[in-house]
Amino acid sequence: MTYGLLLFLPFLLGTQGLLQETVISKEPHAKSEKVVTTSGKECVLPFRQGGIIHHHCITVLASRPWCSLTSNFDRDQKWGFCAPQRRQPNVSVHTARRITNLCRVPPCQNGGTCMLVPSGLAFECSCPEGFSGRLCEHKQCYETVHLRHYDAGESWGRIHLRNVEQCTCVGGKIECQRARYTPCRSNPCQNDGTCRMITATGKEVCNCRHSYSGPHCSFKPESECYNSRGMSYRGVASTTASGARCLPWNSDLLYDELHLGTVTAAPLRGLGEHAYCRNPDGDKMPWCYTVSKGAISWEYCTVPSCKMAVSSSGRMNTFDKLPELGDSDRSVPAKKSVCGTKHKKRVNVARGRIMGGTSAMPGSHPWMVAIYIGQSDFCAGTLIDSCWVVSAAHCFFRNPLMSQLRMVLGQHHFNVSGPDTRTFGVDKYIFPKEFSMFNPTLHDIVLIKLKKQDGRCVKRTPFIRPICLPDKGMAFPDSYCCSISGWGHRQEKADTYSSLQEAGVRLIPHDICRRPEVYGNHVTSDMLCAGLYGCVDACQGDSGGPLACAKDDINFLNGIISWGEGCGRSGKPGVYTKVANYMDWINSVIRRKAKNP
């Protein structure tokens, strides 16, 4: 049995970047070679699987390399085994060595960034805005009426200077001709725009008014800031705080996320076929989806708040006086829970997939704590109070010194700190009196008190907040779908940690988990089992992390990742410490610290 478990998510993290095309060649600038399946179908590269963007054939969940036949395997589930690549007859060892260093002589044109694909025989170009193509060799055309770029050879309609025109991008320049038109049967144009339909193409085009722009008159290019939380922001900011470019809200790579195809009344929330910052879910400010370290992610944008836009005369910018969309008729919200809530950048975070998890979104598990023990050991924990973290006792059975412990909150990528992370030392850790290092699977729970900084412990942020603790008699029914999360190994024999991963697992009846062929009497009444038949599981490095079960959108700490046989083995589920059984002890420790600080 192993005593350190993480999600069995054997996803290979692709290289950074998105929508770049891969070039496989003997020399730079040569023609690319298509990757096909054994049945002769072409692989679509890059493709999304488990929230991660892959740029090559992978062996995730299979012993043979495979690829997706669409750009989004998560959604379409269409795939095929990859055919062996033909060996280039004239590629010597010396040439192959030069191939792996293709980016030393940059093949990407017009300021494009070259990145090697993990296969070592390919590179890809990340093109700057205004250029496209495999080598960023094609200059795009920027349409000022629509506020977007068009590729070479692409055609579109517009109304420019009251003329209805049909335009084409030729050699980086826009060529337009006046076109015949008729009135539109309906009007898709927003903000009092007028509509015309081009007779030859049947396409509807809008004539915008009142300083609005865009294909449907939904953008306000002059907006330099956002009012209130930015729910009515319709500006054209498209860069995040880290400098990343936003993904379009209708991107084919977004699945189960809040985007154009999943949000009710998406146009009213500012979503459309564009990549501008918006706030469709009532967050604290505008944000957008990005690709970070090869996975679908999100970030807040650089657009400033209008409250900070003070003119040289000391008066607030006029943007601050604009009403927020829906403010006038918004009812007083009910008191929000102080625990167990998280960002909802996905339509349904607890999807309960059996065959694997997915890369977590930043802020989707704000109670997660990364516990670094000495120079090499690692576990996870769960924030339950401003100064208290709960984890697995077996992580501490060697009694490490306080000086050897580092607790990091708000962390998304393993051992990577950022503006959203906070690091604390440890004041003390406490085992239940029943715990014994000679049988660490029993009573596998420990309470850790954070060392205060400037007289306080954790300050709640969108990325750091506690999970709710269950009542003493609280229980979730068998087969209830809960979630596990962690940074641990993505497969049983792996030796590296991952970015934060998540997956849905179903609770298993206690009598099934105690069957001889499962774990027998090793499972006690102080334990829970989850995830029997799939290969979603915890693995080394996940110990101490949460088994979180949600009720009415509030997450409760139902279990603590404790032990199991291997990682994701058939018929061998994960075993978790049953938190509800230890509530008297937890409350007595936390209350005792309040009386004796």
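Remember, predicted model here, so these are calculated numbers, not experimental data.

This part covers the environment of Glu137. Within the secondary structure, Glu137 sits in the loop between strand E8 (131-132) and strand E9 (138-139). Glu137 gets classed as partly exposed once you look at its relative accessible area, which sits at 33%. Spatially, the C-alpha atom of Glu137 lies 5.7 Å from that of Gln109, the residues being 28 residues apart in sequence. Once residues within four sequence positions are removed from consideration, Glu137 is found in contact with Gln109, Asn110 and Ser132. Polar side-chain contacts of Glu137 include one of 2.8 Å to the backbone nitrogen of Leu135.

In this section: the sheet that holds strand E12 (residues 155-160). Read across the sheet, three strands follow the order E12-E13-E14 without closing on themselves; strand pairing throughout is antiparallel. In this open sheet, the two strands that pair with only one neighbour each are E12 and strand E14 (173-178). Going from strand to strand, the sheet's axes swing by 35° on average, the running direction of each strand aside.

Ile384, Met407, Ile448 and Ile586 are the most contacted members of the largest nonpolar core, which has 42 residues in total. For this core, the secondary-structure elements that each account for two or more residues are strand E21 (368-373), strand E22 (377-385), strand E23 (388-391), strand E24 (405-409), strand E26 (426-430), strand E27 (446-450), strand E32 (554-563) and helix H4 (583-595). A per-element tally of this core places H4 first, with five residues. Each residue touching Ile448, except ones within four places of it in the same chain, is listed here: Ile371, Cys387, Trp388, Val389, Ser391, Phe396, Met407, Val426, Lys428 and Tyr429.

Counting through the fold element by element, Gln49 comes out in strand E2 (residues 47-49). Assessed through its relative accessible area of 4%, Gln49 is described here as buried. Once the C-alpha coordinates of Gln49 and Asp74 are considered, the two residues, 25 residues apart in sequence, prove to be 5.3 Å apart. A polar side-chain atom of Gln49 sits 3.4 Å from a polar atom in the side chain of His54.

This paragraph deals with the side chain of Thr341. Note on placement: Thr341 falls in the loop between strand E19 (295-300) and strand E20 (358-359). Here Arg465 takes part through its side chain, which lies 3.0 Å from a polar atom of the side chain of Thr341. Discounting chain neighbours no more than four positions away, the residues touching Thr341 are Pro366, Trp367, Arg465 and Ile554.

Moving on: the confidence of the model for the protein chain. Detailed reading of the predicted model is not advised wherever pLDDT is low. Of all residues in the protein chain, 79% have pLDDT values of 70 or greater, and the mean over the chain is 82. Across residues 88-99, confidence stays below pLDDT 50; counting only partners more than four residues off in sequence or on other chains, it has 14 contacts. Of the regions scoring below 50 in pLDDT, residues 349-355 engages in 21 contacts with residues more than four places distant in sequence or in other chains.

Take the state of the cysteines next. Throughout the structure, instances matching the rule amount to 18 disulfides. Two residues, Cys57 and Cys82, share a disulfide whose sulfurs are 2.1 Å apart. Given an S-S torsion of about -100°, the disulfide between Cys57 and Cys82 has left-handed geometry. Pair noted here: Cys57 is in the loop between strand E3 (52-54) and strand E4 (66-68) and Cys82 is in the loop between strand E5 (79-81) and helix H2 (93-99), with a separation of 25 residues, a long-range link. Owing to a relative accessible area of 11%, Cys82 belongs among the buried residues under this scheme. Two residues, Cys387 and Cys457, share a disulfide whose sulfurs are 1.9 Å apart. As the torsion about the S-S bond is roughly 95°, the Cys387-Cys457 disulfide counts as right-handed. A residue pair is termed long-range when its members are at least 10 positions apart, and Cys387 in the loop between E22 and E23 and Cys457 in the loop between E27 and strand E28 (481-486) qualify at 70 residues. Cysteine Cys481 remains unbridged, with the sulfur of Cys482 as its closest cysteine sulfur at 6.8 Å.

A few words now on the pattern of salt bridges. Inspection of every chain in the model, using the stated rule, returns 13 salt bridges. We note a salt bridge from Lys34 to Glu42, for which the minimum N-O separation is 3.9 Å. We classify Glu42 as partly exposed; its relative accessible area is 42%. Put simply, Asp283 and Lys345 hold a salt bridge, and the shortest N to O gap is 2.7 Å. Here Asp283, found in the loop between strand E17 (204-207) and strand E18 (287-292), pairs with Lys345, found in the loop between E19 and E20; they are 62 residues apart in sequence, far enough to count as distant. What makes Asp283 buried here is its relative accessible area of 9%. Within the structure, one salt-bridge network assembled from shared partners comprises Arg48, Asp74, Glu257, Arg346 and Glu502.

Moving on, we get to the sheet that holds strand E16 (residues 194-198). Strand order across the open sheet formed by three strands is E15-E16-E17, with antiparallel pairing between neighbours. Of all strands in the sheet, those with a lone pairing partner are strand E15 (181-183) and E17, marking the two edges. Across this sheet, the average inter-strand angle for adjacent strands is 40°, counted without regard to direction.

Here the focus is the pairing of E23. Strand residues, when the strand is regular, have side chains that alternate between the two faces of the sheet. A two-sided burial pattern is seen for E23, the buried positions comprising Trp388 and Val390 on one face and Val389 and Ser391 on the other. Linkage of E22 to E23, two consecutive antiparallel strands, is achieved through a turn of two residues.

Scanning all chains against the criterion turns up 22 aromatic pairs. Centre to centre, the rings of Trp298 and Tyr300 are 5.0 Å apart; their planes meet at 90°, and the pair counts as edge-to-face. In this structure, Trp298 and Tyr300 share a single accessibility class: buried. Here Tyr372 and Phe378 contribute two aromatic rings whose centre-to-centre distance is 5.0 Å and whose plane-to-plane angle is 55°, an arrangement assigned as tilted. Assessed through its relative accessible area of 7%, Phe378 is described here as buried. What links up through ring pairs into an aromatic cluster is the set Trp249, Trp287, Tyr289, Trp298, Tyr300 and Phe463. Sitting above the plane of the Trp298 ring, Lys345 keeps its charged end 4.5 Å from the centroid.

We now examine unusual backbone geometry. Along the chain, Leu45 connects to Pro46 via a cis peptide bond; the corresponding omega equals -5°. Within the secondary structure, Pro46 sits in the loop between strand E1 (22-24) and E2. The phi torsion at Ala265 lies on the positive side, around 55°, for a residue other than glycine. Of note, Ala265 is situated in the loop between E17 and E18. Assessed through its relative accessible area of 39%, Ala265 is described here as partly exposed.

Parameters at a glance
- Residues numbered from 1 in each chain as written.
- Predicted model: local features only at pLDDT ≥ 70, side-chain atom pairs only at ≥ 80, totals over all residues.
- Heavy atoms only, no water.
- Helix = DSSP H or I, 4+ residues; strand = E, 2+ residues; numbered from the N terminus.
- Buried < 20%, exposed > 50% of the residue type's maximum accessible area, 1.4 Å probe, protein only.
- Contact = heavy atoms within 4.5 Å.
- Polar contact = N/O pair within 3.5 Å; in protein donor to acceptor, adjacent residues only side chain to side chain.
- Pairing = 2+ DSSP bridges.
- Axes fitted to C-alpha atoms, helices over the stretch in contact; angles between N-to-C directions.
- Core = buried A, V, L, I, M, F, W, Y, C linked by side-chain atoms within 4.5 Å.
- pLDDT = per-residue confidence, 0-100.
- Disulfide = S-S within 2.5 Å.
- Salt bridge = Lys/Arg side-chain N within 4 Å of Asp/Glu carboxyl O.
- Phe/Tyr/Trp six-rings, centres within 6.5 Å; stacked < 30°, edge-to-face > 60°.
- Lys NZ or Arg CZ within 6 Å of the ring centre and 35° of its normal.

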